[in-house]
Amino acid sequence: MEYDFVFDNAAKQFKYRVLVQVAKYAYEGTLEEHVAAIPYDIIPGPLSTSRCCAYKEREIIRERLISAQGLNLPGQEDDHIVGVLPAACEGCPISRFRVTDNCQHCLAQKCKKACHFGAISITPKGAYIDPQKCRECGRCAAVCPYNAISDTLRPCVRACPVKAIGEDEFHRSRIDYTRCISCGACVKNCPFGAITDRSRIVEIVKQIKSGTPVIACFAPAIEGQFGTATTGTIKQALKQLGFYEAVEVSLGADATASHEAGELVEAMKNGKKMTTSCCPAFVEMIEKHFPKLKGNISDTASPMAATVRYIRMKKPGAKVVFIGPCIAKKLEIKRNGDTADYVMTFEELVAMFEAKNISLDVTGDSVQDGSRAGKGFAQSGGVAGSVLQVLKEEGINMPVSYIKCSGAEECKKALALMNAGRLQEDFVEGMACEGGCIAGPAGIESVLKVKRNRTKLLAAADKRGVKENVTAIHDFSHINMQRQRKETL
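Residues numbered from 1 in each chain as written. Predicted model: local features only at pLDDT ≥ 70, side-chain atom pairs only at ≥ 80, totals over all residues. Heavy atoms only, no water.

**Student:** Help me get a handle on the side chain of Q76, residues and values and all.
**Tutor:** In this fold, Q76 is placed in the loop between helix 4 (54-68) and strand 1 (82-84). Owing to a relative accessible area of 7%, Q76 belongs among the buried residues under this scheme. At 2.9 Å, the side chain of Q76 and the backbone nitrogen of L73 are in polar contact. A distance of 3.3 Å separates a polar atom in the side chain of Q76 from the backbone oxygen of H80. The residues touching Q76, leaving out its near neighbours within four places in the chain, are L71, I81, V82, G83, Y177 and R198. (Helix = DSSP H or I, 4+ residues; strand = E, 2+ residues; numbered from the N terminus. Buried < 20%, exposed > 50% of the residue type's maximum accessible area, 1.4 Å probe, protein only. Polar contact = N/O pair within 3.5 Å; in protein donor to acceptor, adjacent residues only side chain to side chain. Contact = heavy atoms within 4.5 Å.)

**Student:** Lay out the nonpolar core with the relevant residues and their values.
**Tutor:** Within the largest apolar cluster, 54 residues are counted, with the highest numbers of intra-cluster contacts made by F226, L238, L241, F243, I323, M344 and L349. By residue number, the principal contributor to this core is helix 1 (residues 10-28), which donates ten residues. Grouped together as the second largest cluster of nonpolar side chains are 48 residues, L73, A281, I327 and A328 included. (Core = buried A, V, L, I, M, F, W, Y, C linked by side-chain atoms within 4.5 Å.)

**Student:** Please set out the environment of K467 residue by residue, giving values where relevant.
**Tutor:** Of note, K467 is situated in helix 20 (residues 466-473). Overall, the relative accessible area of 24% leaves K467 in the partly exposed class. Considering only alpha carbons, one finds K467 and G224, 243 residues apart in sequence, at a separation of 25 Å.

**Student:** So what's going on with the packing of aromatic side chains? Residues and values would help.
**Tutor:** Evaluated as defined, the whole model comprises five aromatic pairs. Both rings, one in F5 and one in Y16, keep their centres 6.2 Å apart while their planes meet at 65°; by these two values the pair is edge-to-face. With F5 in the segment before helix 1 and Y16 in helix 1, this pair connects stretches of sequence that are eleven residues apart. Of the two residues, F5 and Y16, both sit in the buried class. When the ring of Y310 is compared with that of F476, the centres are 4.8 Å apart and the planes differ by 10°; the resulting orientation is stacked. Residue Y310 is found in helix 13 (residues 303-314), and its partner F476 is found in the segment after helix 20; the two are separated by 166 residues along the sequence. Across this residue pair, the class does not change: Y310 and F476 are buried. (Phe/Tyr/Trp six-rings, centres within 6.5 Å; stacked < 30°, edge-to-face > 60°.)

Set out below in C-alpha coordinates:
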(Lines give C-alpha, C1' and ligand atoms only; values in the text may rest on other atoms or scores of the structure.)
Protein backbone atom coordinates (compact mmCIF):
# COMPACT_ATOMS: atom_id res chain seq x y z
CA MET A 1 0.00 0.00 0.00
CA GLU A 2 1.02 3.63 -0.43
CA TYR A 3 1.82 5.71 2.64
CA ASP A 4 0.85 9.38 2.64
CA PHE A 5 2.93 10.49 5.61
CA VAL A 6 6.70 10.52 5.10
CA PHE A 7 9.13 10.87 7.99
CA ASP A 8 12.55 12.41 7.47
CA ASN A 9 13.97 9.37 9.28
CA ALA A 10 13.97 5.99 7.52
CA ALA A 11 13.95 4.05 10.81
CA LYS A 12 10.81 5.90 11.96
CA GLN A 13 9.24 5.36 8.52
CA PHE A 14 9.71 1.60 8.83
CA LYS A 15 8.11 1.61 12.29
CA TYR A 16 5.25 3.71 10.94
CA ARG A 17 4.52 1.25 8.12
CA VAL A 18 4.13 -1.57 10.64
CA LEU A 19 1.87 0.54 12.87
CA VAL A 20 -0.35 1.44 9.90
CA GLN A 21 -0.90 -2.22 9.07
CA VAL A 22 -1.64 -3.11 12.70
CA ALA A 23 -4.12 -0.23 13.03
CA LYS A 24 -5.79 -1.07 9.72
CA TYR A 25 -6.44 -4.70 10.58
CA ALA A 26 -7.34 -3.86 14.19
CA TYR A 27 -10.15 -1.63 12.91
CA GLU A 28 -11.24 -4.37 10.50
CA GLY A 29 -11.11 -6.95 13.30
CA THR A 30 -8.89 -9.24 11.22
CA LEU A 31 -5.45 -8.66 12.77
CA GLU A 32 -4.98 -12.24 13.98
CA GLU A 33 -5.53 -13.69 10.53
CA HIS A 34 -3.34 -11.09 8.79
CA VAL A 35 -0.44 -10.74 11.23
CA ALA A 36 1.62 -13.51 9.61
CA ALA A 37 1.25 -11.89 6.19
CA ILE A 38 2.22 -8.35 7.21
CA PRO A 39 6.00 -8.90 6.79
CA TYR A 40 5.31 -10.04 3.20
CA ASP A 41 2.96 -7.12 2.56
CA ILE A 42 5.70 -4.70 3.54
CA ILE A 43 8.59 -6.62 1.91
CA PRO A 44 6.82 -8.45 -0.94
CA GLY A 45 9.75 -9.52 -3.09
CA PRO A 46 13.19 -11.13 -2.66
CA LEU A 47 15.07 -7.80 -2.66
CA SER A 48 15.90 -5.98 0.54
CA THR A 49 15.58 -2.23 1.00
CA SER A 50 18.06 -1.60 3.81
CA ARG A 51 19.43 -4.85 5.27
CA CYS A 52 21.50 -7.72 3.97
CA CYS A 53 18.48 -9.61 2.69
CA ALA A 54 14.69 -9.57 2.60
CA TYR A 55 14.54 -12.48 5.05
CA LYS A 56 16.22 -10.49 7.81
CA GLU A 57 14.02 -7.49 7.11
CA ARG A 58 10.93 -9.66 7.49
CA GLU A 59 12.24 -11.06 10.78
CA ILE A 60 12.70 -7.51 12.08
CA ILE A 61 9.11 -6.72 11.05
CA ARG A 62 7.90 -9.83 12.92
CA GLU A 63 9.67 -8.61 16.06
CA ARG A 64 8.30 -5.11 15.57
CA LEU A 65 4.81 -6.59 15.29
CA ILE A 66 5.25 -8.11 18.75
CA SER A 67 5.76 -4.67 20.27
CA ALA A 68 3.11 -3.07 18.05
CA GLN A 69 0.55 -5.51 19.49
CA GLY A 70 1.57 -4.63 23.05
CA LEU A 71 3.33 -7.94 23.71
CA ASN A 72 6.69 -8.55 25.41
CA LEU A 73 9.96 -8.59 23.49
CA PRO A 74 12.82 -10.80 24.83
CA GLY A 75 13.92 -9.47 28.21
CA GLN A 76 10.79 -7.32 28.65
CA GLU A 77 8.18 -7.66 31.36
CA ASP A 78 4.72 -6.13 31.45
CA ASP A 79 5.84 -2.91 33.15
CA HIS A 80 8.75 -2.29 30.76
CA ILE A 81 7.98 0.36 28.15
CA VAL A 82 10.96 0.10 25.79
CA GLY A 83 12.55 -3.05 24.43
CA VAL A 84 15.25 -4.24 22.03
CA LEU A 85 14.46 -5.91 18.70
CA PRO A 86 17.13 -8.67 18.64
CA ALA A 87 17.25 -9.11 14.86
CA ALA A 88 17.57 -5.37 14.29
CA CYS A 89 20.31 -4.85 16.89
CA GLU A 90 23.22 -6.33 14.97
CA GLY A 91 24.51 -3.41 12.94
CA CYS A 92 26.63 -1.67 15.57
CA PRO A 93 30.39 -2.37 15.83
CA ILE A 94 31.29 -4.81 18.58
CA SER A 95 34.72 -3.29 19.28
CA ARG A 96 34.38 0.19 20.68
CA PHE A 97 37.97 1.40 20.15
CA ARG A 98 39.68 0.89 16.81
CA VAL A 99 42.92 2.08 15.25
CA THR A 100 42.36 4.09 12.06
CA ASP A 101 44.60 4.92 9.11
CA ASN A 102 45.72 8.04 10.96
CA CYS A 103 48.17 5.88 12.94
CA GLN A 104 51.69 7.16 12.11
CA HIS A 105 53.68 4.24 13.57
CA CYS A 106 55.26 6.68 16.03
CA LEU A 107 58.21 5.75 18.23
CA ALA A 108 56.62 7.00 21.47
CA GLN A 109 53.94 4.27 21.38
CA LYS A 110 51.94 6.12 24.01
CA CYS A 111 48.85 4.03 23.30
CA LYS A 112 50.62 0.79 24.18
CA LYS A 113 52.10 2.23 27.37
CA ALA A 114 48.74 3.65 28.45
CA CYS A 115 46.93 0.30 28.20
CA HIS A 116 46.87 -1.54 31.54
CA PHE A 117 45.44 -4.72 30.03
CA GLY A 118 48.01 -5.60 27.36
CA ALA A 119 45.44 -5.13 24.62
CA ILE A 120 47.66 -3.09 22.28
CA SER A 121 50.47 -4.47 20.16
CA ILE A 122 52.60 -2.74 17.54
CA THR A 123 52.64 -4.32 14.08
CA PRO A 124 54.32 -3.29 10.83
CA LYS A 125 50.99 -1.70 9.86
CA GLY A 126 50.72 0.24 13.10
CA ALA A 127 49.03 -0.25 16.47
CA TYR A 128 46.46 -3.03 16.89
CA ILE A 129 43.84 -3.39 19.64
CA ASP A 130 42.90 -6.95 20.62
CA PRO A 131 39.12 -6.81 21.21
CA GLN A 132 39.32 -9.83 23.53
CA LYS A 133 41.63 -8.00 25.92
CA CYS A 134 40.30 -4.44 25.55
CA ARG A 135 38.31 -3.18 28.54
CA GLU A 136 37.15 -0.02 26.76
CA CYS A 137 38.77 2.32 29.29
CA GLY A 138 39.68 4.84 26.57
CA ARG A 139 43.19 5.63 27.81
CA CYS A 140 44.74 4.77 24.44
CA ALA A 141 42.46 7.15 22.56
CA ALA A 142 43.14 9.91 25.08
CA VAL A 143 46.93 9.80 24.72
CA CYS A 144 47.29 9.23 20.95
CA PRO A 145 48.95 12.40 19.54
CA TYR A 146 47.32 11.86 16.12
CA ASN A 147 43.77 11.06 17.29
CA ALA A 148 44.20 7.81 15.41
CA ILE A 149 42.04 5.70 17.73
CA SER A 150 38.32 6.09 17.12
CA ASP A 151 35.67 5.73 19.79
CA THR A 152 32.62 4.12 18.17
CA LEU A 153 30.35 4.06 21.19
CA ARG A 154 26.91 2.72 20.30
CA PRO A 155 24.45 5.56 19.67
CA CYS A 156 21.96 4.15 22.16
CA VAL A 157 24.63 3.90 24.87
CA ARG A 158 25.87 7.40 24.12
CA ALA A 159 22.31 8.79 24.18
CA CYS A 160 21.20 7.16 27.44
CA PRO A 161 21.48 9.76 30.23
CA VAL A 162 21.41 7.20 33.06
CA LYS A 163 23.77 4.50 31.74
CA ALA A 164 20.97 1.95 31.48
CA ILE A 165 22.19 0.24 28.30
CA GLY A 166 24.80 -2.50 28.14
CA GLU A 167 25.39 -5.62 26.05
CA ASP A 168 24.11 -9.18 26.22
CA GLU A 169 26.20 -12.28 25.50
CA PHE A 170 25.66 -11.78 21.77
CA HIS A 171 26.86 -8.14 21.85
CA ARG A 172 23.36 -6.81 21.35
CA SER A 173 22.05 -3.91 23.41
CA ARG A 174 20.44 -4.83 26.70
CA ILE A 175 18.42 -2.47 28.90
CA ASP A 176 18.92 -2.40 32.65
CA TYR A 177 15.38 -1.63 33.73
CA THR A 178 16.46 -0.84 37.29
CA ARG A 179 18.17 2.26 35.83
CA CYS A 180 15.97 3.01 32.79
CA ILE A 181 13.72 6.10 33.05
CA SER A 182 11.83 5.42 29.78
CA CYS A 183 12.85 8.80 28.37
CA GLY A 184 13.10 7.32 24.86
CA ALA A 185 16.55 8.76 24.08
CA CYS A 186 17.72 5.32 22.93
CA VAL A 187 14.62 4.89 20.76
CA LYS A 188 15.19 8.28 19.17
CA ASN A 189 18.91 7.85 18.57
CA CYS A 190 19.22 4.24 17.37
CA PRO A 191 19.94 4.56 13.61
CA PHE A 192 18.54 1.07 13.00
CA GLY A 193 15.30 1.54 14.94
CA ALA A 194 16.34 -1.47 17.00
CA ILE A 195 14.89 -0.12 20.26
CA THR A 196 11.18 0.57 20.33
CA ASP A 197 8.29 1.39 22.64
CA ARG A 198 5.36 -0.89 23.29
CA SER A 199 2.12 0.13 21.54
CA ARG A 200 -1.45 -0.36 22.77
CA ILE A 201 -3.16 0.58 19.52
CA VAL A 202 -4.91 -2.80 19.34
CA GLU A 203 -6.50 -2.41 22.80
CA ILE A 204 -7.49 1.21 22.08
CA VAL A 205 -9.21 0.25 18.81
CA LYS A 206 -11.05 -2.58 20.60
CA GLN A 207 -12.33 -0.11 23.19
CA ILE A 208 -13.49 2.28 20.46
CA LYS A 209 -15.31 -0.52 18.63
CA SER A 210 -16.89 -1.83 21.86
CA GLY A 211 -19.23 1.13 22.11
CA THR A 212 -17.66 2.40 25.34
CA PRO A 213 -17.18 6.19 25.20
CA VAL A 214 -13.44 6.63 24.56
CA ILE A 215 -12.23 10.20 24.99
CA ALA A 216 -8.91 11.47 23.64
CA CYS A 217 -6.89 14.12 25.42
CA PHE A 218 -3.89 15.44 23.52
CA ALA A 219 -0.71 17.09 24.76
CA PRO A 220 -0.03 20.80 24.12
CA ALA A 221 2.90 19.66 21.98
CA ILE A 222 0.48 18.56 19.25
CA GLU A 223 0.13 22.13 17.99
CA GLY A 224 2.66 22.41 15.17
CA GLN A 225 3.10 18.66 14.63
CA PHE A 226 0.49 18.57 11.86
CA GLY A 227 1.48 21.74 10.04
CA THR A 228 -0.83 24.57 11.04
CA ALA A 229 -3.82 22.31 11.72
CA THR A 230 -5.77 23.86 14.58
CA THR A 231 -6.81 22.01 17.71
CA GLY A 232 -10.38 22.12 16.37
CA THR A 233 -9.26 20.36 13.20
CA ILE A 234 -7.39 17.74 15.25
CA LYS A 235 -10.45 17.18 17.44
CA GLN A 236 -12.61 16.59 14.39
CA ALA A 237 -10.11 14.11 12.95
CA LEU A 238 -10.01 12.23 16.27
CA LYS A 239 -13.79 11.93 16.23
CA GLN A 240 -13.52 10.41 12.75
CA LEU A 241 -11.23 7.78 14.28
CA GLY A 242 -14.10 6.85 16.58
CA PHE A 243 -13.27 8.84 19.71
CA TYR A 244 -16.32 10.11 21.52
CA GLU A 245 -14.74 13.46 22.29
CA ALA A 246 -11.33 15.17 22.43
CA VAL A 247 -9.88 17.62 24.97
CA GLU A 248 -6.69 19.70 25.06
CA VAL A 249 -4.36 18.76 27.92
CA SER A 250 -3.37 22.44 28.06
CA LEU A 251 -6.51 22.70 30.20
CA GLY A 252 -4.99 20.33 32.74
CA ALA A 253 -1.72 22.25 32.44
CA ASP A 254 -3.53 25.35 33.70
CA ALA A 255 -4.85 23.38 36.67
CA THR A 256 -1.37 21.98 37.36
CA ALA A 257 0.23 25.44 37.26
CA SER A 258 -2.45 26.84 39.56
CA HIS A 259 -2.03 24.11 42.16
CA GLU A 260 1.75 23.96 41.86
CA ALA A 261 2.04 27.71 42.43
CA GLY A 262 0.36 27.33 45.82
CA GLU A 263 2.57 24.37 46.64
CA LEU A 264 5.69 26.35 45.71
CA VAL A 265 4.72 29.24 47.97
CA GLU A 266 4.35 26.85 50.92
CA ALA A 267 7.64 25.13 50.12
CA MET A 268 9.51 28.45 50.01
CA LYS A 269 7.97 29.56 53.31
CA ASN A 270 9.37 26.37 54.84
CA GLY A 271 12.79 26.84 53.24
CA LYS A 272 12.29 23.82 50.97
CA LYS A 273 13.31 23.54 47.31
CA MET A 274 10.87 21.98 44.85
CA THR A 275 10.95 20.31 41.44
CA THR A 276 8.21 19.99 38.86
CA SER A 277 6.34 16.71 38.45
CA CYS A 278 4.88 16.91 34.93
CA CYS A 279 7.75 15.12 33.07
CA PRO A 280 7.56 11.42 34.05
CA ALA A 281 11.12 10.69 32.88
CA PHE A 282 12.40 13.51 35.12
CA VAL A 283 10.42 12.13 38.07
CA GLU A 284 11.75 8.64 37.38
CA MET A 285 15.30 10.03 37.24
CA ILE A 286 14.87 11.52 40.71
CA GLU A 287 13.30 8.43 42.22
CA LYS A 288 15.83 5.97 40.78
CA HIS A 289 19.03 8.02 40.72
CA PHE A 290 18.55 10.76 43.33
CA PRO A 291 16.29 9.02 45.88
CA LYS A 292 17.21 11.50 48.62
CA LEU A 293 15.27 14.13 46.65
CA LYS A 294 11.95 12.28 46.42
CA GLY A 295 10.49 14.61 49.01
CA ASN A 296 11.33 17.62 46.83
CA ILE A 297 9.15 16.48 43.91
CA SER A 298 5.94 18.45 43.54
CA ASP A 299 2.89 16.56 44.78
CA THR A 300 0.77 18.17 42.08
CA ALA A 301 -0.87 15.94 39.48
CA SER A 302 0.53 16.15 35.95
CA PRO A 303 -1.47 17.96 33.25
CA MET A 304 -2.43 14.57 31.82
CA ALA A 305 -3.82 13.35 35.16
CA ALA A 306 -5.61 16.66 35.83
CA THR A 307 -7.29 16.58 32.42
CA VAL A 308 -8.31 12.94 32.81
CA ARG A 309 -9.91 13.61 36.20
CA TYR A 310 -11.82 16.55 34.73
CA ILE A 311 -13.04 14.36 31.86
CA ARG A 312 -14.18 11.62 34.25
CA MET A 313 -16.07 14.16 36.34
CA LYS A 314 -17.92 15.24 33.20
CA LYS A 315 -18.31 11.76 31.70
CA PRO A 316 -18.20 8.99 34.34
CA GLY A 317 -17.37 5.56 32.94
CA ALA A 318 -15.49 6.86 29.91
CA LYS A 319 -12.15 5.41 28.91
CA VAL A 320 -9.46 8.06 28.36
CA VAL A 321 -6.51 7.94 25.95
CA PHE A 322 -3.68 10.43 26.28
CA ILE A 323 -1.91 11.32 23.02
CA GLY A 324 1.52 12.93 23.00
CA PRO A 325 5.14 12.77 21.82
CA CYS A 326 6.32 11.18 25.07
CA ILE A 327 7.20 7.52 25.60
CA ALA A 328 7.61 8.00 29.36
CA LYS A 329 3.90 8.83 29.65
CA LYS A 330 3.31 5.13 29.03
CA LEU A 331 5.26 4.56 32.24
CA GLU A 332 3.40 7.28 34.14
CA ILE A 333 0.03 5.54 33.83
CA LYS A 334 1.61 2.44 35.36
CA ARG A 335 3.24 4.35 38.20
CA ASN A 336 0.41 6.75 39.07
CA GLY A 337 -3.23 6.24 39.99
CA ASP A 338 -6.34 8.02 38.71
CA THR A 339 -4.91 8.90 35.32
CA ALA A 340 -5.34 7.87 31.67
CA ASP A 341 -6.32 4.32 30.76
CA TYR A 342 -4.05 4.30 27.72
CA VAL A 343 -1.24 6.36 26.23
CA MET A 344 -0.69 6.73 22.52
CA THR A 345 2.10 8.60 20.73
CA PHE A 346 1.94 10.98 17.78
CA GLU A 347 3.63 8.25 15.71
CA GLU A 348 0.76 5.90 16.52
CA LEU A 349 -1.83 8.60 15.91
CA VAL A 350 -0.61 9.41 12.40
CA ALA A 351 -0.57 5.66 11.66
CA MET A 352 -4.22 5.45 12.72
CA PHE A 353 -5.09 8.43 10.52
CA GLU A 354 -3.40 6.64 7.60
CA ALA A 355 -5.17 3.36 8.32
CA LYS A 356 -8.56 5.08 8.27
CA ASN A 357 -7.73 7.43 5.36
CA ILE A 358 -8.43 10.49 7.50
CA SER A 359 -7.12 13.83 6.28
CA LEU A 360 -6.38 16.83 8.44
CA ASP A 361 -7.87 19.03 5.77
CA VAL A 362 -11.15 18.73 7.67
CA THR A 363 -12.35 21.78 9.54
CA GLY A 364 -13.18 21.83 13.21
CA ASP A 365 -14.53 24.26 15.76
CA SER A 366 -12.33 26.94 17.23
CA VAL A 367 -13.01 26.11 20.89
CA GLN A 368 -9.93 26.65 23.03
CA ASP A 369 -9.51 24.54 26.17
CA GLY A 370 -6.26 25.91 27.61
CA SER A 371 -4.65 29.29 28.08
CA ARG A 372 -1.56 30.36 26.18
CA ALA A 373 0.44 29.64 29.32
CA GLY A 374 -1.01 26.12 29.48
CA LYS A 375 -0.18 25.54 25.84
CA GLY A 376 3.35 26.72 26.68
CA PHE A 377 3.94 23.60 28.84
CA ALA A 378 5.09 21.97 25.59
CA GLN A 379 8.35 23.94 25.51
CA SER A 380 11.23 24.32 27.93
CA GLY A 381 10.52 27.08 30.42
CA GLY A 382 6.78 26.83 29.92
CA VAL A 383 5.98 25.13 33.22
CA ALA A 384 7.94 27.58 35.35
CA GLY A 385 6.56 30.44 33.28
CA SER A 386 3.00 29.30 33.94
CA VAL A 387 3.59 28.97 37.68
CA LEU A 388 5.03 32.49 37.80
CA GLN A 389 2.05 33.71 35.77
CA VAL A 390 -0.31 32.28 38.41
CA LEU A 391 1.60 34.05 41.19
CA LYS A 392 1.31 37.28 39.21
CA GLU A 393 -2.44 36.78 38.66
CA GLU A 394 -2.90 36.16 42.39
CA GLY A 395 -0.92 39.27 43.31
CA ILE A 396 1.79 37.30 45.13
CA ASN A 397 5.03 39.27 44.96
CA MET A 398 7.26 36.64 46.54
CA PRO A 399 10.61 36.57 44.63
CA VAL A 400 11.11 33.15 43.06
CA SER A 401 14.38 31.97 41.56
CA TYR A 402 14.13 29.02 39.23
CA ILE A 403 16.19 26.97 36.81
CA LYS A 404 14.79 25.41 33.65
CA CYS A 405 16.53 22.17 32.71
CA SER A 406 16.23 21.48 29.00
CA GLY A 407 17.25 17.87 28.47
CA ALA A 408 18.33 15.02 30.72
CA GLU A 409 21.92 16.18 31.09
CA GLU A 410 20.86 19.57 32.46
CA CYS A 411 18.40 17.79 34.75
CA LYS A 412 21.21 15.61 36.14
CA LYS A 413 23.44 18.62 36.83
CA ALA A 414 20.71 20.50 38.70
CA LEU A 415 19.72 17.42 40.70
CA ALA A 416 23.35 16.71 41.60
CA LEU A 417 23.66 20.25 42.97
CA MET A 418 20.40 19.90 44.90
CA ASN A 419 21.51 16.52 46.21
CA ALA A 420 24.72 18.11 47.51
CA GLY A 421 22.84 21.04 49.06
CA ARG A 422 24.47 23.52 46.69
CA LEU A 423 21.57 24.48 44.41
CA GLN A 424 20.84 28.20 44.65
CA GLU A 425 17.44 28.26 42.93
CA ASP A 426 14.13 27.62 44.71
CA PHE A 427 12.36 25.82 41.87
CA VAL A 428 13.59 23.31 39.27
CA GLU A 429 11.70 22.75 36.04
CA GLY A 430 12.89 19.44 34.62
CA MET A 431 12.26 18.21 31.09
CA ALA A 432 14.08 15.11 29.86
CA CYS A 433 13.91 16.19 26.20
CA GLU A 434 16.03 19.10 24.98
CA GLY A 435 13.67 21.93 24.13
CA GLY A 436 10.79 20.30 25.97
CA CYS A 437 7.96 18.02 24.88
CA ILE A 438 7.98 19.35 21.31
CA ALA A 439 11.24 17.40 20.93
CA GLY A 440 9.77 14.17 22.31
CA PRO A 441 11.06 10.88 20.87
CA ALA A 442 7.69 9.97 19.35
CA GLY A 443 7.10 13.26 17.58
CA ILE A 444 6.46 13.30 13.84
CA GLU A 445 7.94 16.60 12.73
CA SER A 446 11.27 18.37 13.18
CA VAL A 447 11.55 20.72 16.15
CA LEU A 448 12.35 23.64 13.85
CA LYS A 449 9.13 23.16 11.87
CA VAL A 450 7.06 22.59 14.99
CA LYS A 451 8.30 25.85 16.52
CA ARG A 452 7.55 27.76 13.34
CA ASN A 453 4.04 26.30 13.11
CA ARG A 454 3.35 26.87 16.82
CA THR A 455 4.22 30.56 16.54
CA LYS A 456 1.35 31.01 14.08
CA LEU A 457 -1.11 28.84 15.99
CA LEU A 458 -0.48 30.28 19.45
CA ALA A 459 -0.76 33.84 18.12
CA ALA A 460 -4.41 33.10 17.33
CA ALA A 461 -5.21 31.88 20.87
CA ASP A 462 -7.16 34.17 23.19
CA LYS A 463 -5.49 35.77 26.20
CA ARG A 464 -7.49 34.15 28.98
CA GLY A 465 -5.72 33.92 32.33
CA VAL A 466 -4.63 30.66 33.92
CA LYS A 467 -6.75 31.13 37.05
CA GLU A 468 -9.67 32.41 35.01
CA ASN A 469 -9.59 29.25 32.92
CA VAL A 470 -9.77 26.80 35.85
CA THR A 471 -12.27 28.76 37.93
CA ALA A 472 -14.63 30.76 35.71
CA ILE A 473 -14.43 28.98 32.32
CA HIS A 474 -13.78 25.44 33.59
CA ASP A 475 -14.46 24.51 37.20
CA PHE A 476 -11.65 22.48 38.79
CA SER A 477 -12.77 23.17 42.35
CA HIS A 478 -13.88 19.57 42.90
CA ILE A 479 -10.87 17.94 41.19
CA ASN A 480 -8.26 16.24 43.36
CA MET A 481 -4.95 17.77 42.20
CA GLN A 482 -2.65 15.54 44.26
CA ARG A 483 -0.20 13.26 42.47
CA GLN A 484 -1.14 9.68 43.33
CA ARG A 485 1.84 7.32 43.27
CA LYS A 486 1.04 3.60 43.09
CA GLU A 487 4.35 2.36 44.46
CA THR A 488 7.55 3.45 46.13
CA LEU A 489 10.71 2.68 44.19
